Structure formats: structure tokens, C-alpha cells
Amino acid sequence: MAHLRDPKLVVANWKMNGSLDLVHQVLEEFDDTDHLVVCPPAPYIPLFIESDLFVGGQDCSAQEEGAHTGDVSAQQLYDVGCTHVIVGHSERRLSHRETNEWIHAKAKMAIRAGLMPIICIGERDEEQTDNHARQTLLAQLSQCTHGLKPQQYIVAYEPVWAIGSGKTPSNVEIETAINTIKSEKPTQVLYGGSVSNLNASQIALIPDLDGVLVGGASLEINKLNAIVKALS
Ligand code: PEP
């Protein structure tokens, strides 16, 4: 009986996309939705604060404060009303050379500030084909979360090869990854990587899935709406 399930979390990661127009569309469409976290570019965050939506940062600094031009601290995100923050997204691991150690420091900073970090982990294409996915996941998981309590963070399983590619693992593959993560750390686990209006209902069937992290499709209201409904 689908309507008796708890709604699963939908995290909308706009990356460096979006506009004032999109902010207003989202506020109009989803104001009473209680399982959507919008992670817009930082300048738009304050525009969500009066709404009932959860709002999150796309990253935070591993430092508390100081001479770090361009960075935003976890405490500052919390101060303007954020509830969540994404850390360790593969785009940042790649373009900003973020290490697991660094991501761990960011997650700690987020927790200390009162935010729920969404810690992204996932194997790269070559690790998948070499059957190293499980080792990669476990190494990233332990290095990014050691010393943290599983209820203090959320893990997003995002195979790097699935992000923005239109390719997704099968439900069984996602379930296997989720079980691998949960057998080590009993935490909430989201799936991310080419979630769309077309595959959300199928992905929602995965038994231990706690939600999805959505990039590209979260920039179109009708697609986001379909995903939120599929996960409800
Ligand atoms: C992401 O940005 O984490 C992501 C999953 O993007 P997309 O949905 O576009 O693959």
C-alpha cells in the first residue's frame, strides 16, 4: 500500500544552475512539501527561508572561519536557515581535488554547526569495470565518516559514471550498494545519478532506499514534481 510508506527524501542539487525565476517556480509548486531539500547556489538560499521547504548548501568549508576567499562556513549556512549540506560531491572531488580526509572534516564541521551533512560517495567508471566498486565505497565510507554517529549524517550513493550521463545502475545494483553501506554504517542512504521523471518510480521500489539526490532533472519543475510524487 504505497500511500502508507514514509515519503523518501528528494534532494535537489542545482549545482551552478538555476535562476530567480526557478526559485519562484519551486516556491510556488512545493511550498507544503515536507520531503524536499533544495540545494540552490548559495546566493539563492535566503529566498527559501520563509518557505516550508528544507534548504541546503552544496558544500561547506572544512575550516571554521578565516582567510578562505570564496568559501562558506557550515555555521554561516546554519545561520541563514539551512538544514542540510552536501559534502564530497564527485564534481568537487574532481575539480577541487577534495580528499576523503577533507570531506570528513567538512562533515564534522557541518554536524558541529547543527546541519545534516549529505556525504557523497561512489565508484568511478574504471572502478566499476574492474570490480572495485565495493572496495571504493567501503574506503570512502570509513574515511569520510569515522568517529561520526550514523544518525548524524546521510550518505548519498552516487556512482560517478551515472552522474549527468543518463545511465543508471539496475535496481539490484543500487540495492547491493545500499546494503553494503548499511551493513557498515546503519545510516540513511540516498541514490543519485541520472534520476529522472522517467525512472523515479522504478528506483522508488528499492526496499532500503531512503531517498534520491537529483541534479539535472531538479531544474525542471514538471520533472522535479514527478520525482517528488514518485518518492511520496
Ligand atoms: C548530482 O548532481 O549529484 C546528480 C546526481 O546529477 P544528475 O541527476 O544530473 O545525474
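Going by the structure above, here's the rest.
Okay, so let's go over this structure. (Residues numbered from 1 in each chain as written. Predicted model: local features only at pLDDT ≥ 70, side-chain atom pairs only at ≥ 80, totals over all residues. Heavy atoms only, no water.)

Thoughts on the overall build of the chain
- Helix and strand counts for the chain stand at nine helices and eight strands.
- In terms of principal-axis extent, the alpha carbons of the chain reach across some 45 × 45 × 30 Å.
- Put simply, the chain has 232 residues, and 52% of those count as buried.
- Total accessible area on the chain stands at roughly 11,200 Å², and carbon and sulfur atoms take up 50% of it.
- Taking the average location of the 17 positive side-chain charges in the chain and that of its 29 negative ones, the two points are 6 Å from each other. (Helix = DSSP H or I, 4+ residues; strand = E, 2+ residues; numbered from the N terminus. Buried < 20%, exposed > 50% of the residue type's maximum accessible area, 1.4 Å probe, protein only. Areas by Shrake-Rupley, 256 points an atom, 1.4 Å probe, with all protein chains shown as cover. Lys, Arg positive; Asp, Glu negative; His and termini not counted. Charge placed at Lys NZ, Arg CZ, Asp CG, Glu CD.)

Quick look at the environment of Val189
- Along the chain, the position of Val189 falls in strand E7 (residues 188-192).
- By relative accessible area, which is 0% here, Val189 ends up buried.
- Note: C-alpha distance between Val189 and Ser201 (12 residues apart in sequence) is 17 Å.
- When residues no more than four places from it in sequence are discounted, the contact partners of Val189 are Val155, Tyr157, Ile178, Ile181, Lys182, Leu209, Asp210 and Gly211. (Contact = heavy atoms within 4.5 Å.)

Quick look at unusual backbone geometry
- Within the chain, Lys15 stands out as a residue other than glycine whose phi angle is a positive 55 degrees.
- Positioned with a positive phi, Arg97 is a non-glycine residue whose angle comes to about 50 degrees.
- Mapping Arg97 onto the fold places it in the loop between helix H3 (90-95) and helix H4 (100-113).

Comments concerning the site of the ligand
- Near the ligand lie 14 residues; those nearest to it are Lys15, His89, Glu158, Gly164 and Ser194.
- Take Gly164: an N or O atom from its main chain is 2.6 Å from an oxygen atom of the ligand.
- Contact between the ligand and Ser194: an oxygen atom at 2.8 Å from a main-chain N or O atom of the residue.
- Along the lines of polarity and charge, the residues of the shell around the ligand split into four nonpolar, eight polar and two charged. (Near = heavy atom within 4 Å. Polar contact = N/O pair within 3.5 Å; in protein donor to acceptor, adjacent residues only side chain to side chain. Nonpolar A, V, L, I, M, F, W, Y, C, P; charged D, E, K, R; others polar.)

Focus on the packing of helix H1 (residues 20-30) against helix H9 (residues 221-230)
- Close contact between H1 and H9 brings their axes to 11 Å; oriented N to C, the two are set at 35 degrees. Crossing of H1 against H9: the hand is right-handed. Taken together, the residues of H9 that come into contact with H1 (itself represented by Leu22, Gln25, Val26, Glu29 and Phe30) are Ile221, Leu224, Asn225 and Val228.
- Split by residue class, the contact of H1 with H9 holds six nonpolar, two polar and one charged. (Axes fitted to C-alpha atoms, helices over the stretch in contact; angles between N-to-C directions. Left-handed = near helix turned anticlockwise from the far one by under 90°.)

Re the side chain of Ser61
- Residue position: Ser61 is located in the loop between strand E3 (54-57) and helix H2 (74-79).
- At 2.9 Å, the side chain of Ser61 forms a polar contact with the backbone nitrogen of Gln63.
- Sequence-distant contacts of Ser61, that is, excluding residues within four places in its chain, are made with Asp71, Val72, Ser73, Lys106 and Met109.

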